[in-house]
Amino acid sequence: MRNRIIHLGIGALLVLGYFAGLPGFLWTPGSGLATTPALTRATGAPPAMPARVGQHAAWVATAEGGVELLWAQDDELRGSAWAPGASAWSEPRRVLGNEQPGAGWLAGGFVPQRLADDSLVIHFIRPGPFPALASARQRAGADWQISHAGQVQPLPGGNPVLRAPGLPLADGGIWMIVDLDDRNAIYSVSADGRLAGRQFVSAPGEQLTLLGESEVELLALLAPAAAGAARWRASADLGQRWTPAAPLQALADVAPVPLAALRLDARDWGLLRSDASGRLFWHRSRDGGQQWQAPQELARSRIACLQQQPPALHGGRDGVLHLVYPQAEDCRLHYMALRADGGVLNQESRDD
Amino acid sequence: MTELVPVVIFALVWAALAAALLRQRGAWPRALLVAGGVLLGLSMQGWAGSVWLGLGGLSLTSGLLALGFLLTPWWPRPEPWLPTQDRRWLILALPPLAAVLWFPPLSSVSGDLWALGFGDFRLSTVLLCIGLGLWVLRAYALCLLLVAAQCGFAVGLLPAGNLWHYLLDPWLGAAALGWWGWRLYRPGGPAAPPLAS
């Protein structure tokens with residue numbers, strides 16, 4: 001009798017385990033995307049920024065309503081900020097060295113995130129045979145805190161690289177794009193720093209860029225593996241289901257460099273692409289991608305540089321679009337400010 | 001909490017290995033080894049080497065096997081908590097399970113079994129079928145290991161939200177594979193590695 005009770009009890013536990021291992025969906029994205037408010041019309045012109053030597057440049061909004069450019073240099077994270085009304089960009093500051101996160105912490109790129117309480121989170125990949133997603137968080141005036149989100153891949157090895165920008169979620173979580181050898185994957189990290197899901201929506205070799213349209217609608221823009229036409233996929237349910245990939249007719253000549261995309265307003269998107277010769281073009285659609293205005297050439301770079309450092313684009317709250325791309329000559333980071341219509345506000349750049 | 005559990009698992013595995021190598025069966029030596037393992041794990045948290053060794057990513061199964069080994073001298077029943085037949089099944093099953101999980105990323109096969117671990121009814125159903133098979137065969141210890149991993153996943157014991165992290169880790173797969181090699185090299189050797197006894 002006792003053995004029979006134990007036998008049935010363990011059978012019941014198995015059923016419990018089944019439900020315990022069943023959160024319901026393969027892709028558990030989070031609460032919903034944190035869409036940015038519509039950009040106002042740009043009124044002022046930001047000052048020039050000296051060209052910078054660095055890698056993995058990414059933008060993040062500052063607590064004061066401005067914008068800060070972050071980049072990796074000598075295993076340190078450096079930043080230079082500007083707020084509307086200021087006459088110059090701040091002198092480069094050392095945001096975080098490698099003492100806490102460990103040597104080589106920026107080799108795999110980083111993704112900055114500004115949370116609702118104004119804390120700054122830097123997501124990065126701890127290198128080693130078991131590369132792991134980790135993050136450093138700094139609340140206002142406090143020390144950095146490091147936490148781990150788990151291994152990027154099941155196996156040791158590989159050389160995963162994070163690519164900014166991330167797509168923030170309303171609850172403080174974030175989606176990030178990770179380059180896994182020849183494939184791009186979307187990783188979802190929950191608000192408590194837990195690795196919560198991953199999925200592939202691009203073909204091998206394609207470079208993925210995400211554009212959030214509303215809390216649940218998003219677009220995956222796919223730069224081709226070799227120069228050619230870009231493709232796109234859309235999801236109306238937070239990435240649970242995606243439409244089949246279709247060519248993006250307006251973008252026929254796209255280099256194998258990730259596109260930079262920005263939501264300017266509802267159904268109003270701006271997009272930056274590079275062609276096979278390294279020229280950067282600004283595209284805009286005001287009807288949700290049905291029609292695209294004639295592209296405007298912004299600058300000239302080099303494919304080899306762009307593949308190391310894809311263009312980083314950010315929409316400031318004052319309506320100014322901030323762009324950083326590598327110079328054609330020496331791949332140094334070059335700054336450009338522009339309006340949503342593609343008008344360049346300030347592209348002078350003096351050498352450091 | 002989620003940052004402390006990997007340290008405890010590392011401490012248990014470390015203490016079990018040390019106790020096996022040093023042939024320590026007393027309560028105090030084993031408790032001291034666990035305490036030393038916790039201190040070692042805590043001191044290694046900021047050290048990049050622990051990431052290099054993957055020591056923060058040990059699975060719940062590894063931790064429970066180590067705990068079972070450490071508690072073996074005080075097991076009240078005459079038969080071991082993990083019977084010989086269960087040990088054999090576990091050691092036989094681990095390398096193929098690891099291969100099924102790790103083959104797609106190694107060979108660039110499009111299937112993403114790793115992603116299924118984030119919560120999918122197909123993986124849970126397969127695990128339920130495996131569990132029912134073990135239940136019919138009365139391999140209760142393995143059933144409980146499986147349920148513990150699933151329940152640990154449900155309450156979020158480990159930093160990762162992936163069920164595979166609870167079930168299996170590369171070190172556990174490598175240990176089982178190493179035991180296969182050892183048995184092939186010495187067919188008349190013991191039936192299971194010390195940690196599974």
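You'll find the structure just up there.
Residues numbered from 1 in each chain as written. Chains lettered and ligands numbered in written order. Predicted model: local features only at pLDDT ≥ 70, side-chain atom pairs only at ≥ 80, totals over all residues. Heavy atoms only, no water.

K.L.:
Sorry if this is basic, but what is going on with the overall build of chain B here?
P.N.:
What chain B contains, in helices and strands, is 10 helices and zero strands. In chain B, the succession of helices and strands from N to C terminus is α-α-α-α-α-α-α-α-α-α. By residue count, 48% of the 197 residues in chain B fall in the buried class. Residue pairs in contact within chain B that sit at least 24 positions apart in sequence constitute 71% of those at least 6 positions apart. Roughly 9,600 Å² of accessible area belongs to chain B as shown, and the carbon and sulfur atoms make up 75% of that amount. (Helix = DSSP H or I, 4+ residues; strand = E, 2+ residues; numbered from the N terminus. Buried < 20%, exposed > 50% of the residue type's maximum accessible area, 1.4 Å probe, protein only. Contact = heavy atoms within 4.5 Å. Areas by Shrake-Rupley, 256 points an atom, 1.4 Å probe, with all protein chains shown as cover.)

K.L.:
Looking at this structure, how should I read the sheet that holds strand 4 (residues 93-96) of chain A?
P.N.:
In a beta sheet, neighbouring strands are held together by backbone hydrogen bonds and run either parallel or antiparallel to one another. Residue and element names in this part refer to chain A. Spatial strand order, 1-2-3-4: four strands in an open sheet with antiparallel pairing. One side of each edge strand has no neighbouring strand; the edge strands of this open sheet are strand 1 (55-61) and strand 4. Within this sheet the neighbouring strands show an average axis-to-axis angle of 35 degrees, counted without direction. With five bridges connecting them, strand 1 and strand 2 (residues 67-73) associate as antiparallel partners. Bridge pairing links A61 to V67 in strand 2. (Pairing = 2+ DSSP bridges. Axes fitted to C-alpha atoms, helices over the stretch in contact; angles between N-to-C directions.)

K.L.:
Please explain the interface of chain A and chain B as it appears in this structure.
P.N.:
Note on interface size: it is often stated as the accessible area lost on association of the parts. In this complex, chain A contributes 39 residues to the contact, which on the side of chain B involves 50 residues. Around 3,800 Å² of area is buried between chain A and chain B when both sides are counted, 65% of it from carbon and sulfur atoms. If you look at where chain A meets chain B, you find six residue pairs in polar contact (both at pLDDT 80 or more). For the side of chain A that touches chain B, the elements supplying multiple residues, two or more each, are helix 1 (2-20), strand 8 (144-151) and strand 12 (195-199) of chain A. Split by residue class, the side of chain A that touches chain B holds 24 nonpolar, 11 polar and four charged. (Buried area = accessible area lost by both parts, 1.4 Å probe. Polar contact = N/O pair within 3.5 Å; in protein donor to acceptor, adjacent residues only side chain to side chain. Nonpolar A, V, L, I, M, F, W, Y, C, P; charged D, E, K, R; others polar.)

K.L.:
Before we go on, may I ask you to explain a nonpolar patch on the surface in this structure?
P.N.:
All names here are of chain B. Together, L4, V8, L39 and L42 make up an exposed nonpolar region whose accessible area comes to about 360 Å². The set of elements that each furnish at least two residues to the nonpolar patch consists of helix 1 (4-22) and helix 2 (27-43). Along the chain, the position of L4 falls in helix 1. (Patch = residues over 30% accessible without salt bridge, like charges linked within 9 Å, V, L, I, M, F, W, Y side chains within 5 Å. Salt bridge = Lys/Arg side-chain N within 4 Å of Asp/Glu carboxyl O.)

K.L.:
What should I look at first to understand unusual backbone geometry in this one?
P.N.:
Glycine aside, residues mostly have negative phi angles, and peptide bonds mostly take the trans form. All names here are of chain A. Along the chain, A164 connects to P165 via a cis peptide bond; the corresponding omega equals 0 degrees. As for its placement among the helices and strands, P165 is situated in strand 9 (residues 161-168). Positive phi, close to 65 degrees, is recorded for D75, a residue that is not glycine. Relative to the assigned elements, D75 resides in the loop between strand 2 and strand 3 (76-82). Note on D75: relative accessible area 23%, which makes it partly exposed. Positive phi, close to 60 degrees, is recorded for L238, a residue that is not glycine. Residue placement: L238 occurs in the loop between strand 15 (231-235) and strand 16 (246-247).

K.L.:
Explanation requested: the sheet that holds strand 18 (residues 268-274) of chain A in the structure shown.
P.N.:
Residue and element names in this part refer to chain A. An order of 17-18-19-20 is seen for the four strands of this open sheet, with the pairing classed as antiparallel. The open sheet has two edge strands, strand 17 (260-265) and strand 20 (296-300), and neither has a second partner. Neighbour-to-neighbour, the strand axes of this sheet turn through a mean angle of 20 degrees, independent of strand direction. Two strands pair when backbone bridges link them, and strand 18 and strand 19 (residues 279-285) are joined in this way by six bridges, in the antiparallel orientation. Its bridge partner being in strand 19, R273 is matched across the sheet by F281.

K.L.:
Looking at this model, I keep getting lost on the packing of helix 1 of chain B against helix 2 of chain B. Mind explaining?
P.N.:
To characterise two packed helices, one gives the angle between the axes of the helices and the distance between these axes. Residue and element names in this part refer to chain B. Where helix 1 meets helix 2, the closest approach of the two axes is 7 Å, and the angle between their N-to-C directions is 135 degrees. Relative to helix 2, helix 1 is oriented oblique. For helix 1 against helix 2, the interelement crossing comes out right-handed. Side by side, helix 1 and helix 2 meet where L4, V7, F10, A11, L12, W14, A15, A18 and A19 of the first sit next to R30, L33, V34, G36, G37, V38, L40, G41 and L42 of the second. Of the residues in the contact of helix 1 with helix 2, the class split is 14 nonpolar, three polar and one charged. (Parallel < 35°, antiparallel > 145°, perpendicular 65-115°, else oblique. Left-handed = near helix turned anticlockwise from the far one by under 90°.)

By themselves, these figures tell us nothing about what the structure is for.
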